[in-house]
Amino acid sequence: MKIIHCADLHLDSQLTTHLAPKKAQARRAELLANFSRLVEYAWNNKVAAIIIAGDLFDTPIISATARNLVLDNIKKYSQIQFYYLTGNHENDCLTTTLTELPENLHLFSNEWKNYYLNPDSNWPIAISGVDLNDPRFQPPLQVPNLSANNFNLVVLHGQISEYGQLTSNENIVLKDLVNQKIDYLALGHLHQFQTGKLPPRGIYCYSGCLEGRGFDELGQHGFVELNIDEKNHRWQYQFVPFAQRELYEIKVEITGCQTTSAVLEKIKLELKHQKVPTTALLKIILLGQVSLSSEHDLVQLQNNLKSTYYLVKLVDRSTSQVDYANFTNDISLKGEFVRLLQDDSTLNEQQRAAIIKCGLQALNGEDF
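If you're wondering where the values come from, they're calculated on a predicted model, not measured in any experiment.

Draft legend 1. The packing of aromatic side chains, seen in detail. The full count for this structure, using the stated rule, is eleven aromatic pairs. Arranged with centres 5.3 Å apart and planes meeting at 65°, the rings of F223 and F242 form a pair that is edge-to-face. Here F242 lies in the loop between β14 (234–241) and β15 (247–253) and F223 lies in strand β13 (residues 222–229), a separation of 19 residues in the sequence. Over the aromatic face of Y310 sits the side chain of K23, whose NZ or CZ is 4.5 Å from the ring centroid. Positioned over the ring face of Y310 is R245, at 3.6 Å from the centre of the ring.

Draft legend 2. Representation of helix α1 (residues 21–44). Between its terminal C-alpha atoms α1 stretches 35 Å, which fits the 34 Å expected from 24 residues at 1.5 Å a residue. Of the residues making up α1, those classed as buried are A24, R27, E30, L31, L32, N34, F35, S36, L38, V39 and A42. Once α1 finishes, K46 follows within two positions and takes phi at roughly 55°, a positive value.

Draft legend 3. Structural detail: the side chain of N150. Locating N150 in the fold gives a position in the loop between β6 (125–129) and β7 (151–157). Judged by relative accessible area, N150 falls into the buried class, the value being 8%. Residue contacts for N150: discarding those within four places in its chain leaves Y116, W123, P124, A126, D183 and R201.

Draft legend 4. Here's a closer look at the nonpolar core. Among the nonpolar cores identified, the biggest contains 40 residues, and L11, F35, I50, L56 and F57 are the most heavily contacted of them. For this core, the secondary structure elements donating two or more residues are β1 (2–6), α1, β2 (47–53), α2 (64–76), β3 (81–85) and β4 (105–107). The element that contributes the greatest number of residues to this core is α1, accounting for seven residues. F57 has contacts with H10, L11, I62, A66, V70, Y84, H89, E90, C93 and L94, leaving out every residue within four places of it along the chain. Formed by 23 residues, the second largest nonpolar core is a distinct cluster that contains A7, A53, L117 and Y184.

Conventions and cut-offs
In this numbering scheme, every chain counts its residues from 1 along its sequence in written order. It should be noted that, the model being predicted, local features are given only for residues of pLDDT at least 70 and side-chain atom pairs only at 80 or more, the latter also being counted only at that level, while totals for whole chains, interfaces and linings use all residues. Note that the side-chain values use all heavy atoms of the structure and ignore hydrogens as well as water. Here a pair means two rings of Phe, Tyr or Trp (six-membered ring of Trp) with centres within 6.5 Å. Their orientation is stacked below 30 degrees between planes, edge-to-face above 60, and tilted elsewhere. Strands here are runs of E lasting at least two residues and helices are runs of H or I lasting at least four, both read from the DSSP assignment and numbered beginning at the N terminus. Should the NZ of a Lys or the CZ of an Arg lie within 6 Å of a ring centre and within 35 degrees of the ring normal, that charge is described as sitting over the ring. What a helix should span is 1.5 Å times the count of its residues minus one. Between buried and exposed lies partly exposed: a residue is buried under 20% and exposed over 50% of the maximum accessible area for its type, with that area taken using a 1.4 Å probe on protein chains only. Note on contacts: a residue pair is in contact if any heavy atoms of the two residues lie within 4.5 Å. Think of a nonpolar core as a cluster: buried Ala, Val, Leu, Ile, Met, Phe, Trp, Tyr and Cys residues, connected wherever their side-chain atoms sit within 4.5 Å.

Structural measurements only, silent on function.
Take a look at the structure:
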C-alpha cells in the first residue's frame, strides 16, 4: 500500500515579497495547480492515502477558488483517502462552509483521533493525529490506542525539540514520543525534507513544503512516499522531488571586472556551470573586490537576465578597492577628498571605500 505524506503547501500565499503583482498572481495559480498535480500523481501511482500534515493554506481566510479546487479534487478522487491536519497558519477554513464532509476527507482536532486505513489487513495501518495548535489541546503528548501489531503512523504539526516550552503547544518534544510504538511520525512545519530516528522502531520525517516560495527555501521540494508491504510487515519511504520551480542562490565572484558586460559574462558562466534551469527563481549575489573605476549596473544586468529566467534578484556585496598611492600627490579636490577619508579612523576599510567611490562619482557628475 502506498501513502503520500506532504505538508506546508501554503495555498493562497500572496507571494508579493519577490514577485510583481501579475507574476505573483500567476505563481499563486501554479501552487494551486500543484495540488491537482499531486492528487493526479497519487491516482496514477495507485496511492491509497494522502496525509496533509498542516498548513495546506497560508491564512485562515482563503479564496473560493482555492477552497473549491481542493474540495473538487478530494471529491473527484473518492477512492483516495485524505487525512488533513490543520497547521499554525490556518484553521478550519476548508470546512466551515460545508454542511457535509466528503466521505474520503478525514480531519483531526484538539483531541487525538485514530483512523484505520485497512482494518482487515494482515498489518493494519493506524493513522493518529492531534491539532497541537488548537488552544484547547491539553498535554502530555501521549498517543492513545497504539498497538504493537499495527503499522502506526502519527501526524503532527510543529517544531521538534529536545526540551519542551511551556508557552508553546506546537513544540514537539521527541523524548515524549519515544517508546510509543510509532513507526512513522509525519510532521509539518519545517519547509525542508528532514528525517531522524524515533526509537525503538520508527522515524520522524518532515516532508518539507511542496514548492519553495522564498529564498529561505532553496533546493528541491516535494513529498514523501511510503510503500508498505502489509503481507511481509516491511516498509520503505522515499523523498519525491515535485516542485515546478526551484529557488537558487548563486554567488558570483567579480573581482577584476571593469564593466557591466564583464560581470554579465561571469554570471552567465556560473549559471551554466551550475546548470540552473530557465524555470528557476534566482538570487544572484555579487562578491569580490573591484576598482573605483569599474562599473556594473544592476538594472542593466537584471534586464539582460530576466528574459531568460523566471525571476532574477541581484544583490551587490562586492567592495571597492582603493589604491591610495594614486592620490598621494594629487592636488585636485578628488585627491584632497580621498586623503581626508584615508585618515578617518572612525571608518573601516569597506565603509571608507564605499564613501570614496560615491564621492568620486559625484565629483565626476555621475549617478550613484
